[in-house]
Amino acid sequence: MAMLSSRHSASDGNTESRVTGKSLGLAACTAIVVGNMVGSGFYLSPAAVAPYGTLAILAWIVMGAGAICLGLTFAKLARLVPATGGPYAYTWMAYGDFPGFLIAWGYWISIWTSLPVIAIAFAGAVFDLFPELRNRAMAVVLTLGAIWAVVFINLRGVKEAGMFAEITTYSKLIPFAAIALIGLFFIDTSHFSELNPSGKSLLGASAALAPLTMFAFLGLESATVPAGDVINPKRTIPRSTVLGIVIAALLYVLGTIAVFGLVPREQLIHSVAPFSDAARVLWGSWGATVISIAVIVSAVGALNGWTLLMGQVPMAAARDGLFPAVFGRLSDRGVPAIGIAISAILATLLILSQVAGPPGFSSFYTLIVGLSTMAAVVPYAFCALATGLVAAYAADGGPVPRLTLVEVIAFIFSVFTLYGCGAEPVLYGLIMLILGIPVYVWQRRRR
């Protein structure tokens, strides 16, 4: 019954649009994709990949190509069935209830565990502008304040969240694009003399770069998740997905080249604000200030986009009977308010545990970033090979179409990124997925 219900909601999207009205168009969906991708993983990435020299730029290009293949795969899935829930919905259609639940469970956890990472980057940018505020208590206030302020924006409705995504995304792109384009004319080519100074083998360095760069590409599927609120989803979602990935990939590649060429590698490795350092070289202290403001806007925009998805994924699973029903309840404004609040409370507890934890807790927090990447890449691998099965599902049976080269590349790309995450994040990620089994069993008994 759950399968029939969800399929009905996906196929009757145009009728629902005429009755209730939908609020997310091409500009808003593209802003959500770019806003979720161009977050803390982007403006901290030049420092993270600097130890690998010029190989890092090649990694951005290769990972960008793989991300575009994944984007084309999600675009094809969205054309077949624009269903709320994104990766969860397509995994469920292709493989059934239990795999669908595991993907929804892991994907949901990866979202709320990544919120503190983005919020702390927001607090760091505020401290760059106002050093006198720097202390542990203020860091907690700024971090939690950013998360809950964005939660309240999302509780007002999907339309408001989409408008906020447009404002924050398109305003923050201007200064970052300025560095990526103008900086190319002032680079020092001697900074690119070493291909792989890390001391690792080429394969080892490439594997290490995979999660570092993939973390910045997380969110490429964002437009597929709120499909129930998208205007003309079969047309809008594919276009916004591909357009958003292309914009982000160009910004990543050109931005990294510009920062590498402006800031010496030895300085870049220890930088906590690489784009601000590059702006200081180009325009002086005022340029660094502008970039710090852009980082603040970028972090808030990324928080907004991920908070939107944080409610949509468990809501879709709850409607299919795989998550507790409370996650599927909508407020008077048509948003899964309780699900968003529960997720934000869990993110808050994670931040408070960091405050109360020992000094070495930062290493655990680094592990959280790896977990977020691992938990997101697993759904990518499932969806990469799901298009034929979803096509058969959408056609109500019949032959399953063959896989294309794009989908095979997307799968290999996902598996290699998972390999690059390392043994520890994969181990803890597996434990995290297994801990969801009791929830599935409970829901199964209730059904």
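All values reported here derive from a predicted model rather than from experimental measurement.

## What about the overall build of the protein chain?
Next up, step 1: Scanning the protein chain from N- to C-terminus turns up 21 helices and zero strands.
Next up, step 2: Over its C-alpha trace the protein chain gives a radius of gyration of 21 Å, about what one expects of a compact globule, namely 22 Å for 447 residues.
Next up, step 3: With respect to the principal axes defined by its C-alpha atoms, the protein chain has extents near 60 × 45 × 40 Å.
Next up, step 4: Put simply, the protein chain has 447 residues, and 55% of those count as buried.
Next up, step 5: Look at the contacts in the protein chain between residues 6 or more apart in sequence, and 82% of them connect residues 24 or more apart.
Next up, step 6: Carbon and sulfur atoms form 69% of the exposed surface of the protein chain, whose accessible area is close to 18,000 Å².
Next up, step 7: Computed over 24 positive and 18 negative side-chain charges, the inter-centroid distance for the protein chain is 8 Å.

## Digging into helix α18 (residues 387-394)
Next up, step 1: Of all eight residues in α18, six are buried, a share of seventy percent or more.
Next up, step 2: Taken together, the buried positions of α18 are Thr387, Gly388, Val390, Ala391, Ala392 and Tyr393.
Next up, step 3: Just downstream of α18, Asp396 is the residue with a positive phi angle, here 60°.

## What to know about unusual backbone geometry
Next up, step 1: For Asn232, which is not a glycine, the phi torsion comes out positive at approximately 50°.
Next up, step 2: Following the sequence through the fold, Asn232 ends up in the loop between α11 (202-217) and α12 (233-262).

## Some words on the pattern of salt bridges
Next up, step 1: Counted according to the given criterion, the structure contains four salt bridges.
Next up, step 2: Its salt-bridge partner being Arg265, residue Glu194 comes within 3.5 Å of it at the nearest N-O pair. Placement of Glu194 in the loop between α10 (158-182) and α11 and of Arg265 in helix α13 (residues 265-269) is noted, with a sequence separation of 71 residues between them.
Next up, step 3: A salt bridge links Asp277 to Arg280; its shortest N-O distance comes to 3.1 Å. Note that Asp277 and Arg280 are positioned in helix α14 (residues 274-283) at a spacing of three residues, about one turn of the helix.

Conventions and cut-offs
Residues numbered from 1 in each chain as written. Predicted model: local features only at pLDDT ≥ 70, side-chain atom pairs only at ≥ 80, totals over all residues. Heavy atoms only, no water. Helix = DSSP H or I, 4+ residues; strand = E, 2+ residues; numbered from the N terminus. Rg over C-alpha atoms; globule rule 2.2 N^0.38 Å. Buried < 20%, exposed > 50% of the residue type's maximum accessible area, 1.4 Å probe, protein only. Contact = heavy atoms within 4.5 Å. Areas by Shrake-Rupley, 256 points an atom, 1.4 Å probe, with all protein chains shown as cover. Lys, Arg positive; Asp, Glu negative; His and termini not counted. Charge placed at Lys NZ, Arg CZ, Asp CG, Glu CD. Salt bridge = Lys/Arg side-chain N within 4 Å of Asp/Glu carboxyl O.

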